[in-house]
Amino acid sequence: MGRAKINTKLKPSKKADLRTDEAAQVRIANRLSLLEQSSKGETRGAWSKSKTADLQVVKPVKTTRYSDIDLNNWKAYDHVKTDTLWEFPARLREGGHSNEYHGNYIPQIAQQLYERFTKKNDVVLDLFFGSGTSGIEAVNMGRRCIGVELKDELAESVSEKFTPKQLVTDVRIICADSASEEAKEKVQASLDIMREEKAQFLILHPPYDDIIKFSDKKEDLSNCDTTEEFYDLFEKVAKNGYDMLEKGRFAALIIGDSYKNSEAQPLGFECMARMMKLGFRLKGIIVKDIQGNERAKGKTANLWRYRALAGGFFIFKHEYVMVFEKK
Ligand SMILES: C[S@@+](CC[C@H](N)C(=O)[O-])C[C@H]1O[C@@H](n2cnc3c(N)ncnc32)[C@H](O)[C@@H]1O
């Protein structure tokens, strides 16, 4: 299995640095030439004028308290999304990612969220770790990650994607029920090892109710008797996440809706409401196109279209990425 490697694609600030270096060299050359001229008794006025201009051009790096994006160079971040409609042509398969786990999210979501809402070395907490997409991308982007997953065999196999050293310092994988007190204690122990009091970013990518059944365990959110029970369990996990997240930092909920008993189930909006009830401040509702990460719907697409026309419902083409802040 491929190990996570550093993704060299996402280094806009490096580009910006190079540009700044070139500009600095040009300025130094200009100054030297002006000094030379001035020592020969020429252009005194030009030197002082240029000095004032230089002071205006050189700006220090300006970031927010939660990201490394240099706001003085904001035009260099074209790849960072700031609108509410996310479309990705295809799932990223390089950088240690594969699509072997049914129900994983596409790595581009983590890339977008990490760049906007985390700094280098920050700890991301993912309470539905699954196949570890959040952890792989954390390593690729110089962040750290704690992942909690209910299925022990999955937690074990995901560990193989990381080196023994990474599993100590960068990615901690915990097998537990994320709604439990035990999970909280284990996450706290990992935070202690990582010398952090709380996590700096929270990711919640729960099962979409029972659309995909992940296990037979009673604690599994995909195995609830009713959708109401799913919401209640989700709220417990979100509460644990809230408690373990640093104040003033961000959380993301990745979720799609479902259709049950001839009725659309607004899983996204109800889970969003539960998070707001816990004290999370809603910062954005992003609609993400899912056509790139659907599995083999091609052959059955026409059948679904027929069913939709006959049954008066709509075929899901999107999921949500909802962003919150802990006040
Ligand atoms: C939608 S998947 C997450 C996929 C993951 N984001 C990825 O990219 O691979 C949801 C995961 O939550 C796990 N899960 C369900 N109930 C859980 C619980 N109570 N505690 C921890 N994990 C749970 C499932 O086993 C499943 O792997």
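Up top you'll find the structure we're talking about.
Read on for a plain summary of the structure. (Residues numbered from 1 in each chain as written. Predicted model: local features only at pLDDT ≥ 70, side-chain atom pairs only at ≥ 80, totals over all residues.)

**Here's the deal with the overall build of the protein**
Note the following rule: Each helix corresponds to a stretch of at least 4 residues labelled H or I by DSSP, and each strand to a stretch of at least 2 residues labelled E; elements are numbered beginning at the N terminus. With C-beta atoms placed from the backbone, the exposure class of a residue follows from how many other C-beta atoms lie within 10 Å of its own: 20 or more, buried; 12 or fewer, exposed; in between, partly exposed.
Looking only at helices and strands, the protein has ten helices and ten strands in total. Per-residue burial for the protein yields a buried fraction of 31% across its 327 residues.

**Looking at the environment of Cys-224**
As a reminder, the rule being used: We call two residues in contact when the distance between their C-beta atoms, placed using the backbone, is within 7 Å.
Within the secondary structure layout, Cys-224 lies in the loop between strand S5 (199–204) and helix H8 (227–244). The exposure class assigned to Cys-224 is partly exposed, which follows from the 19 C-beta atoms found within 10 Å. Once you skip the residues sitting within four places of it in the chain, Cys-224 turns out to touch Glu-229, Phe-230 and Leu-233.

**A word on the site of the ligand**
Threshold: Think of it this way: take the backbone, place a C-beta atom on it, and check whether that atom is within 6 Å of the molecule or strand, in which case the residue is near it. Classes in brief: Ala, Val, Leu, Ile, Met, Phe, Trp, Tyr, Cys and Pro nonpolar; Asp, Glu, Lys and Arg charged; the others, Gly included, polar.
Contacts to the ligand come from 24 residues, most closely from Asn-104, Phe-128, Gly-130, Ser-131 and Thr-133. Partitioned by chemical class, the residues of the shell around the ligand number ten nonpolar, nine polar and five charged.

**Section: helix H7 (residues 181–193)**
Quick reminder of the rule: What a helix is expected to span follows from its residue count: subtract one and scale by 1.5 Å. Here the arc refers to the set of directions running from the helix axis out to each C-beta atom.
Taking 1.5 Å as the rise per residue, H7 with 13 residues should run 18 Å; its terminal C-alpha atoms sit 19 Å apart, in good agreement. Among the residues making up H7, those that are buried are Ala-183, Val-187 and Ser-190. Looking down the long axis of H7, one finds its buried residues gathered within 60° of arc, a one-sided arrangement. In H7, the exposed positions angled more than 90 degrees off the buried face are occupied by Glu-181, Glu-182, Glu-185 and Asp-192. Looking at the buried residues of H7, the elements they touch are strand S2 (123–126), strand S3 (144–149), strand S4 (171–175) and H8.

**Re the sheet that holds S2**
Note: strands within a sheet are paired through backbone hydrogen bonds, in either parallel or antiparallel orientation. Condition: Here, strands pair whenever DSSP counts at least two bridges between them. Every angle, taken between N-to-C directions, lies between 0 and 180 degrees, and every axis is a line fitted to C-alpha atoms, over only the stretch in contact when it is a helix.
The strand order across the open sheet built from eight strands is S1-S9-S10-S6-S5-S2-S3-S4, with neighbouring strands paired in mixed fashion. Only two strands of the sheet have a single neighbouring strand rather than two, namely strand S1 (85–86) and S4. Two elements, S2 and S5, share three bridges in a ladder whose sense is parallel. Counted as the bridge partner of Leu-125 is Leu-202 from S5. Sitting on the sheet, H7 touches S2, S3, S4 and S5, and the angle it makes with S4 is about 160°. Contacts from helix H9 (residues 267–278) reach strand S6 (245–255), strand S9 (280–289) and strand S10 (318–326), with the element oriented near 165° to S6.

**So, the pairing of S10**
Examined bridge by bridge, S6 and S10 share six bridges and lie antiparallel to one another. Paired with Ile-254 across the bridge in S10 is Val-321. Two strands pair when backbone bridges link them, and S9 and S10 are joined in this way by nine bridges, in the antiparallel orientation. Within S10, the residue paired with Lys-288 across the bridge is Glu-319.

Purely geometric stuff here, so don't read any function into it on its own.
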